[in-house]
Amino acid sequence: MANLLWLQGGACSGNTMSFLNAEEPSACDLVTDFGINVLWQPSLGLELGDEVKAIVEKCISGEIKLDIFVFEGTVINAPNGTGEWNRFCGRPMKDWVKELSAAADFVVAIGDCATWGGIPATAPNPSDSEGLQFLKREKGGALGAGFTAKSGLPVINIPGCPAHPDWVTQILVAVATGRAGDLTLDEFQRPRTFFSSFTQTGCTRNMHFAYKVSTTAFGQRKGCLFYDLGCRGPMTHSPCNRILWNRHSSKTRAGMPCLGCTEPEFPFYDLAPGTVFKTQTMMGVPKDMPEGVDKKGYIKLTAAAKGAAPAWAEEDIFVV
Amino acid sequence: MDDDALRREIAEKLKSGLKTEVWPRAETSEQVNEVVARLQSEAGDNLEKKLVIAGFTDHVIEADGIEQPCETCMYYKVHARFCELPELMLPVEPDWSCRLWRI
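The rules behind each value
- Position numbers for residues start from 1 in each chain and track the written sequence from start to end.
- Here every chain gets a letter starting at A, and every ligand a number starting at 1, in the order they are written.
- With pLDDT at 70 or above as the cut-off, local features in this predicted model cover only qualifying residues; side-chain atom pairs require 80 or more to be listed or tallied, and sums for whole chains, interfaces and linings still use all residues.
- Two strands pair under a simple rule: DSSP has to find at least two bridges between them.
- The helix and strand labels rest on DSSP assignments: H or I over at least four residues marks a helix, E over at least two residues marks a strand, and numbering proceeds from the N terminus.
- Here an axis means a line fitted to C-alpha atoms, over the contact stretch when the element is a helix, while the angle between two N-to-C directions is reported on a 0 to 180 degree scale.
- We call two residues in contact when their backbone-placed C-beta atoms lie within 7 Å.
- In this classification, the charged set is Asp, Glu, Lys and Arg, the nonpolar set is Ala, Val, Leu, Ile, Met, Phe, Trp, Tyr, Cys and Pro, and all remaining amino acids, among them Gly, are polar.

Draft legend 1. The arrangement of the sheet that holds strand S1 (residues 2-8) of chain A in detail. Residues and elements named next belong to chain A. Taken in spatial order, the five strands make up an open sheet running S2-S1-S3-S7-S11, and their pairing is parallel. At either end of the open sheet lies a strand with only one pairing partner, and these are strand S2 (36-40) and strand S11 (156-158). The mean angle between the axes of side-by-side strands here comes to 25°, regardless of whether they run parallel or antiparallel. As paired elements, strand S7 (residues 106-110) and S11 share three bridges and run parallel to each other. Each residue of the ladder has a partner; that of Val108, found in S11, is Ile156. Sheet contacts for helix H4 (residues 93-103): S1, strand S3 (68-72) and S7; angle to S3, the most-contacted strand, approximately 150°.

Given below as structure tokens:
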């Protein structure tokens, strides 16, 4: 039996909604098949007010063993570093977060807000938000760069806006069943099993990427979304086209550019007008290249590939 | 008018000295957006205004050390010899150029 406590800071509840849609395994499977005891969760917990406070205090004191502390949403520090804009059970949430993190065997940050600040931390960041152990790419965050939970692991970051439900439940199962040692984390503390490949990996529009045929307007079935519509699939680490959403689709399969929501900089360019759904260029060349590709090589490859593109690649074609 | 006829008409206009806004090139994304906005608000379906605002030429332009032919542009459909930028949607030749080129 592994005790799990889930709290929300500066959040929209999107990751909770995502979590409740998990299928492999489902949220119910966590309880019935994998021995996870959900002490409290904002959308599932039956307790209210002082009853919740009592659970949280017992976790901190050790009266209840806290195996897994899950946090969703940003840690809010406003105003003036007090955290008073986000109070929970009578005190700033940021104070609960620090004490619970120190008491837990494992700390898991779910979603962009909890991992690196996400949309609330976008400039000018009025709520003075940050993630548990990062603020965008900068390590530190609310718990500090050197934080490790009792297990010896730092915060396990499962980013996304929202995170895919099965990324969440599969990591929770690994931790709860004593297989945390199998987890390897990347430089942003994301589990490598999910975040080593790219969103582009498995994208059904890859043939259009290869032949440098662009989607030039929403609704087209042909073309790659990277060249004009701002898709970040080639430089975003996620398994969105390997572990499909709702088990059958993904943004790019539905014709929607990847927004790069598993990367610390999300939302990119601080959502400045003209930067969303539009590939940013400098003298006609994308500012953000597919990972590992340089400008010179990109131009050469594009010219050659475009010249070799077959006629069918320029026509609408079903890619789902 | 079919694409071949329209392509010939455009070629004739460019050959006969139609002055287009070749420079400055749309260097930044903001400048691209400005040119596209002008195409939407000023050009509409007017062919000459499209050519002028987009800075069409019947030869390749080199900017910042990069050749910018239609042939390598992301809006160019190789087999149809057609520019698919929604604000242009014009038949072109591979060795033409415009300042909205992107690769």
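Draft legend 2. Structural view of the interface of chain A and chain B. Of the residues lining the interface, 22 residues belong to chain A; the matching set on chain B comes to 24 residues. Those elements that provide at least two residues to the side of chain A that touches chain B are strand S12 (281-282) and helix H9 (295-308) of chain A. In terms of residue count, the dominant contributor to the side of chain A that touches chain B is H9(A) (five residues). A per-class count over the side of chain A that touches chain B returns nine nonpolar, eight polar and five charged.

Draft legend 3. Summary view of the sheet that holds strand S5 (residues 90-91) of chain B. All names here are of chain B. One open sheet accounts for three strands, arranged S3-S4-S5; its pairing is antiparallel. Where the open sheet ends on each side, the last strands, each with one partner, are strand S3 (76-77) and S5. Pairing between strand S4 (residues 82-83) and S5: two bridges, direction antiparallel. If you follow Phe82 over to S5, its bridge partner there is Pro91.

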